[in-house]
Amino acid sequence: MSDLNALARFLDTDPCDRGCGEAMELLHVYAELLRRGEDAARFHPSVAAHLRTYGPCEGDLEGLLLAIEDGSG
């Protein structure tokens, strides 16, 4: 990644985004809210902000949702 791309990502960071640590602590709760059809972003806006901008954590959420769905059938 070029320095310019890194700077652009930094400047685009949502101030609500508290990073991977908080997102990972709440990811199971966030996933369960989504599974129930609730507005998880309303309850956990910092997690939603992080997931919008950081692909690896978004991928973790997708995997967790698949695991929840597979386990509930």
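Residues numbered from 1 in each chain as written. Predicted model: local features only at pLDDT ≥ 70, side-chain atom pairs only at ≥ 80, totals over all residues. Heavy atoms only, no water.

Novice: Explain the packing of aromatic side chains residue by residue, including any values.
Specialist: Inspection of every chain in the model, using the stated rule, returns zero aromatic pairs. Its guanidinium or amino end placed over the ring of Phe43, Arg42 lies 4.4 Å from that ring's centre, counting from NZ or CZ. (Phe/Tyr/Trp six-rings, centres within 6.5 Å; stacked < 30°, edge-to-face > 60°. Lys NZ or Arg CZ within 6 Å of the ring centre and 35° of its normal.)

Novice: A description of the pattern of salt bridges should follow, citing residues and the corresponding values.
Specialist: In total, this model carries two salt bridges according to the counting rule given. Here Glu32 makes a salt bridge to Arg35, at a shortest N to O gap of 2.5 Å. Residue Glu32 and its partner Arg35 are located together in helix H2 (residues 20-35), separated by three residues, close to a single helical turn. Here Arg36 makes a salt bridge to Glu38, at a shortest N to O gap of 3.0 Å. Looking at Glu38, the relative accessible area reads 31%, which means it is partly exposed. (Salt bridge = Lys/Arg side-chain N within 4 Å of Asp/Glu carboxyl O. Helix = DSSP H or I, 4+ residues; strand = E, 2+ residues; numbered from the N terminus. Buried < 20%, exposed > 50% of the residue type's maximum accessible area, 1.4 Å probe, protein only.)

Novice: Please provide a residue-by-residue account of the nonpolar core, values included.
Specialist: Note that soluble globular proteins tend to have their nonpolar side chains buried in a common cluster. Counting residues in each nonpolar core, the largest one holds twelve residues, listed as Ala23, Leu27, Tyr30, Ala31, Leu33, Ala40, Val47, Ala48, Leu51, Cys57, Leu61 and Ile68. Secondary-structure elements contributing two or more residues to this core are H2, helix H4 (45-53) and helix H5 (55-72). Residue contributions to this core peak at five residues, all from H2. When sequence neighbours within four positions are dropped, the list of residues in contact with Tyr30 reads Ala40, Ala41, His44, Val47, Ala48, Leu51 and Leu61. (Core = buried A, V, L, I, M, F, W, Y, C linked by side-chain atoms within 4.5 Å. Contact = heavy atoms within 4.5 Å.)

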